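Fold and geometry: a report
As a plain string of letters, each chain reads:
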Amino acid sequence: MIVGGGRRGVVAAACYVARTFGVRSAMPMFKALQACPDAVVVSLNIDKYRRVGREVRALMLELTPLVEPVSIDEAFLDLSGTERLHHAGPAMTLVRFARRVEDEIGITVSVGLSHNKFLAKLASDLEKPRGFSIIGRAETAARLADLPVAVVPGIGAAAQARLSKLGISHLRHVRGTPLADLTRLLGREAAELIRFSNGEDARPVRPERATKSVSAETTFDADLRGFEELQAVLWRLCERVSRRLKAAGLAGGSVVLKLKDAQFRLRTRTASGLPPTQLAGRLYDASLRLLKAECDGTAFRLIGVGAADLRDAAEADRGDLADPEVVRDAKREAAVDRLREKFGEAAVQRGLAFRAR
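Before going into details, it helps to say that this report is about the structure given with it. (Residues numbered from 1 in each chain as written. Predicted model: local features only at pLDDT ≥ 70, side-chain atom pairs only at ≥ 80, totals over all residues. Heavy atoms only, no water.)

So, the environment of Glu208
- Along the chain, Glu208 falls in the loop between α11 (189–197) and β8 (213–224).
- In this structure Glu208 comes out as exposed when scored by relative accessible area, which is 70%. (Helix = DSSP H or I, 4+ residues; strand = E, 2+ residues; numbered from the N terminus. Buried < 20%, exposed > 50% of the residue type's maximum accessible area, 1.4 Å probe, protein only.)

Examining a nonpolar patch on the surface
- On the surface, Met1, Val40 and Val42 cluster together into a nonpolar patch covering about 250 Å² of accessible area.
- Relative to the elements of secondary structure, Val40 occurs in the loop between α2 (29–35) and β3 (41–42). (Patch = residues over 30% accessible without salt bridge, like charges linked within 9 Å, V, L, I, M, F, W, Y side chains within 5 Å. Areas by Shrake-Rupley, 256 points an atom, 1.4 Å probe, with all protein chains shown as cover. Salt bridge = Lys/Arg side-chain N within 4 Å of Asp/Glu carboxyl O.)

As for the packing of helix α13 (residues 280–294) against helix α14 (residues 325–343)
- Orientation of α13 relative to α14, taken along the N-to-C sense of each, is 120°, at an axis distance of 9 Å. Judged by the angle between their axes, α13 and α14 are oblique. Taking contact as the criterion, the partners of Ala280, Gly281 and Arg282 in α13 are, on α14, Glu325, Val326, Asp329 and Glu333.
- Taken together, the residues of the contact of α13 with α14 sort by class into two nonpolar, one polar and four charged. (Axes fitted to C-alpha atoms, helices over the stretch in contact; angles between N-to-C directions. Parallel < 35°, antiparallel > 145°, perpendicular 65-115°, else oblique. Contact = heavy atoms within 4.5 Å. Nonpolar A, V, L, I, M, F, W, Y, C, P; charged D, E, K, R; others polar.)

Describing the environment of Arg240
- Along the chain, the position of Arg240 falls in helix α12 (residues 227–248).
- Judged by relative accessible area, Arg240 falls into the partly exposed class, the value being 29%.
- Linking Arg240 and Ser124, residues 116 residues apart in sequence, is a C-alpha distance of 34 Å.
- Those residues in contact with Arg240 that lie beyond four places of it in its chain are Ala216 and Glu217.

Here's the deal with the packing of aromatic side chains
- The final tally for this structure, using the stated rule, is three aromatic pairs.
- For the pair Phe118 and Phe196, a centre-to-centre distance of 4.4 Å together with 20° between the ring planes defines the contact as stacked. Within this pair, whereas Phe118 is found in helix α6 (residues 117–124), its partner Phe196 is found in helix α11, the two being separated by 78 residues in sequence. The pair Phe118 / Phe196 is uniform in exposure class, with both members buried.
- Ring geometry for Trp235 and Tyr284: centres 5.4 Å apart, planes at 85°, overall edge-to-face. In this pair, Trp235 is assigned in helix α12 and Tyr284 in helix α13, connecting sequence segments 49 residues apart. Each of the two residues, Trp235 as well as Tyr284, counts as buried.
- The positively charged end of Arg19 is found above the aromatic ring belonging to Tyr16, 4.3 Å away from the centroid. (Phe/Tyr/Trp six-rings, centres within 6.5 Å; stacked < 30°, edge-to-face > 60°. Lys NZ or Arg CZ within 6 Å of the ring centre and 35° of its normal.)

Keep in mind these values describe shape, not function.
Shown next as structure tokens:
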């Protein structure tokens, strides 16, 4: 089974049987179906995933306030000092947590327990699905010795190829290599590789992670090259980003346009130094100027737009002598938002949006 979009989309997730055929997350769907043509494809249901993710996160927060979300389905927990609260050690606490998630929410989880984030993440991947693995302090060196360097974050195929020239393929090889030699190959990442190979990771669990951008994108069923067609899709994406900014209490001071052509080449263009805004219209105006400059006859398979340089919503769309219309624009969008909240998303639409259908 593969979860993802149409043939032009990408793989969001795949069952472990499909993975044996080479299917992996973020792979283009057409390549996944070439590798595993008998797979059943299930459409995405992002709203459901977010709802279930919030339910699991709520159960995590009952164990400790130190919960650091990593993605929609993954988080680090710091259970230090919770033994008296839960009348059990961390291992038993997590066993109960996993059982509760299954009983109350109806999904399974994989748990990795160790004395730092790197090792906990490593342990969580050892026995998926529905796994529970522990890497204790005393066994850390032995457990890491025979693992490939690829388990270290940031050590991709290019870095692995460079390391192989020094005969380094596993973490045990890293331990005996001088820092100077590794630095010549990897630069600043060399010191981190050495620390991880020795099971050292001083990163704390941070319950609050600053949001760096708010974005939305879509992949087309057929490539688009016409400005008018792309313009309509861009408007719908700007409305989506606007809703997310408002829900998060944020405003953007820059706009980023993302385009991917038929050969999967990516173009990223940024308009920065903008007055902070949450308004779909303002996001659209800035990104439309970027889009016009890129519509040169190229066929695009994906378009995305995002707000970056984020600020507090209190700084958004206040207007001044140079831009007195922004307050009126904000009131107009607020009225539309209220109508949609009461009567549904389709209650009020800009004419431009109908082209995107």
